[in-house]
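# Geometric and topological summary
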Amino acid sequence: MKILKDKVAKLSFVALLITVTAAMFYVPTASAHGEKSQAAFMRMRTIHWFDLNWSKEEVAVNDTMTISGKFFVFTGWPETVDKPEISFLNIGIPGPVFIRAGSWIGGQLVPRSVSLELGETYEFKVLLKARRPGDWHVHTMLNVKGGGPIIGPGKWVTITGSMASFVNPVTTLTGETVDLETYNLGNTYFWHGLWYAIGLVWMAYWIRKPLFVPRSIAVEAGKADSLISGADRKVAMGFAAGTIIIVAMSMASTNEKFPITTPLQAGLLRGIKSIDMPATTVKVKIEDATYRVPGRAMQMTMTITNNGDSSIRLGEFNTAGVRFMDADVSVDESGYPDDLLAEEGLTVSDNSPIAPGQSRTVQVTASDAAWEVYRLADLIYDPDSRFAGLLFFYDEAGNRQMITIDAPLIPSFI
Ligand SMILES: [Cu+2]
């Protein structure tokens, strides 16, 4: 029995080793940047990013670029994501390949978390300064406390030059200009080095003499006191006093060198200004919405009513960062990321102008590889089969109206 138990124990130990080793050597390749793996209904029902603009596609080290645009905080926010009462406007990049020189919502600088309201539309801008050469997929992104990262569309931006030339100068209120890239580094290294060295010297002092067996024997023989001599005690007192003196003196000299310091600035920013969206004159009722499984498209039957005084056409359907456009009505000029832009992805059964006062029920198909590539088709795995998105209508003069739609999205098989 015992032999069997030993064998089982040995075998499970070997199995554990193999598992651990395999896990160590398993390196998953990252081709997406986070958003694809998030639940489709969450991406469709939280933040709608639109009117995005990346000012450059290629930028040299130390040069800046801006990402600007708007985002709509969807009214039917999912239960499992805390409301965006404490959110932070971030940027999705693999480490500081850019530094964020500034970020604004509604014209206000937002270095801290902000409070956003459901149903509001905000305008934002992020100023990025290039730091590390390479091809980077740059995302706008909102972190919601209690919710997680809500990742906006990403666009490839190339940084050229050399990271060694990167500088980040800042002028303090005391009038001194420092480079944040290297500021205070020498000081940090010096103090960590000094204290580490003092620790080593203390250990070396004792390691000079035999460490373990003779000392253990001495303690067991009741002669522990013989191990610490008078000189040892003096050295110990020297270290203790020296440490206190160095701490006190260096603290005083630091206060002398930096007489003006402030605590870390923190705290939620409330009262962020949203955009006053113009009143809309188009009414859309989603009669039903379906998507084929498997498939690359979703279909909606919608009744569009034009209450305005100019005839309108549907130009775009935008959900989860994917833009389905009817090229006859609307063409992207912002250099929107290719993989998210379906230039001719929107088909409307009858997209002739809808005259003022007229109402029409149409079949709308949003179809593109992005539906599958960005795993919106994975809605089939989600516990809430509802979608939401933005519709953009254009009148004869080219004025745009944004309508939010939201409805159940029912899968169809065969
Ligand atoms: Cu990405």
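First, a word on what this report is: a plain description of the structure on this page. (Residues numbered from 1 in each chain as written. Predicted model: local features only at pLDDT ≥ 70, side-chain atom pairs only at ≥ 80, totals over all residues. Heavy atoms only, no water.)

Okay, the pairing of strand 18 (residues 359–367) next. Successive residues of a regular strand alternate their side chains across the two faces of the sheet. Burial along strand 18 is one-sided: Arg360, Val362, Val364 and Ala366 are buried, while Ser359, Thr361, Gln363, Thr365 and Ser367, pointing the other way, are not. Relative to strand 18, strand 13 (residues 297–306) is paired through nine bridges, and the arrangement is antiparallel. Residue pairing in the sheet places methionine 300 in a bridge with valine 364 of strand 18. In the sheet, strand 17 (residues 346–348) pairs with strand 18 via three bridges, with the strands oriented antiparallel. Its bridge partner being in strand 18, threonine 347 is matched across the sheet by threonine 365. (Buried < 20%, exposed > 50% of the residue type's maximum accessible area, 1.4 Å probe, protein only. Helix = DSSP H or I, 4+ residues; strand = E, 2+ residues; numbered from the N terminus. Pairing = 2+ DSSP bridges.)

All right, on to the nonpolar core then. Ranked by internal contacts, the top residues of the largest apolar core, which has 77 residues, are Phe98, Met298, Met300, Phe317 and Phe387. For this core, the leading source of residues is strand 7 (residues 121–130), giving five residues. Not counting chain neighbours up to four residues away, the residues in contact with methionine 298 comprise Ala289, Thr290, Tyr291, Phe317, Val364, Thr365, Ala366, Trp371, Phe387 and Leu409. Core analysis: the next-biggest nonpolar cluster, separate from the first, contains eight residues, Phe72, Phe74, Ala388 and Tyr394 among them. (Core = buried A, V, L, I, M, F, W, Y, C linked by side-chain atoms within 4.5 Å. Contact = heavy atoms within 4.5 Å.)

It is worth spelling out the sheet that holds strand 20 (residues 400–408) at this point. The strands making up a sheet are joined through hydrogen bonds of the backbone, oriented either antiparallel or parallel. Spatially, the five strands line up as an open sheet ordered 16-15-14-19-20, and their pairing is mixed. Of all strands in the sheet, those with a lone pairing partner are strand 16 (341–342) and strand 20, marking the two edges.

What follows is about the packing of helix 3 (residues 185–207) against helix 5 (residues 230–257). Contact pair helix 3 / helix 5: the axes reach a minimum separation of 11 Å and the direction vectors enclose 175°. The pairing of helix 3 with helix 5 is recorded here as roughly antiparallel in orientation. Of helix 5, the residues touching helix 3 (which contributes Trp191, Leu194, Trp195, Ile198, Val201, Trp202, Tyr205 and Trp206) are Ala231, Asp232, Val235, Ala236, Phe239, Thr243, Ile246, Val247 and Ser250. (Axes fitted to C-alpha atoms, helices over the stretch in contact; angles between N-to-C directions. Parallel < 35°, antiparallel > 145°, perpendicular 65-115°, else oblique.)

Attention shifts here to the coordination of the copper ion. Each protein donor to the copper ion is listed here as His33 (ND1), His137 (ND1) and His139 (NE2); together their distances run 1.9 to 2.2 Å. On the primary sequence, the residues serving as donors to the copper ion are separated as H-x103-H-x1-H. Assessed through its relative accessible area of 7%, histidine 137 is described here as buried. (Donors = N, O, S within 2.8 Å, 3.2 Å for Na, K, Ca; no water.)

The next point concerns the pattern of salt bridges. With the rule as written, the count across this model stands at twelve salt bridges. Salt-bridge contacts for lysine 209 lead to aspartate 232; the nearest nitrogen and oxygen are separated by 3.4 Å. Placement of lysine 209 in the loop between helix 3 and helix 4 (213–220) and of aspartate 232 in helix 5 is noted, with a sequence separation of 23 residues between them. Given a relative accessible area of 30%, lysine 209 falls into the partly exposed group. With a shortest N-O distance of 2.7 Å, arginine 323 and glutamate 316 are connected by a salt bridge. A relative accessible area of 3% places glutamate 316 in the buried class. A single salt-bridge network, built from bridges that share partners, covers Asp51, Lys70 and Arg400. (Salt bridge = Lys/Arg side-chain N within 4 Å of Asp/Glu carboxyl O.)

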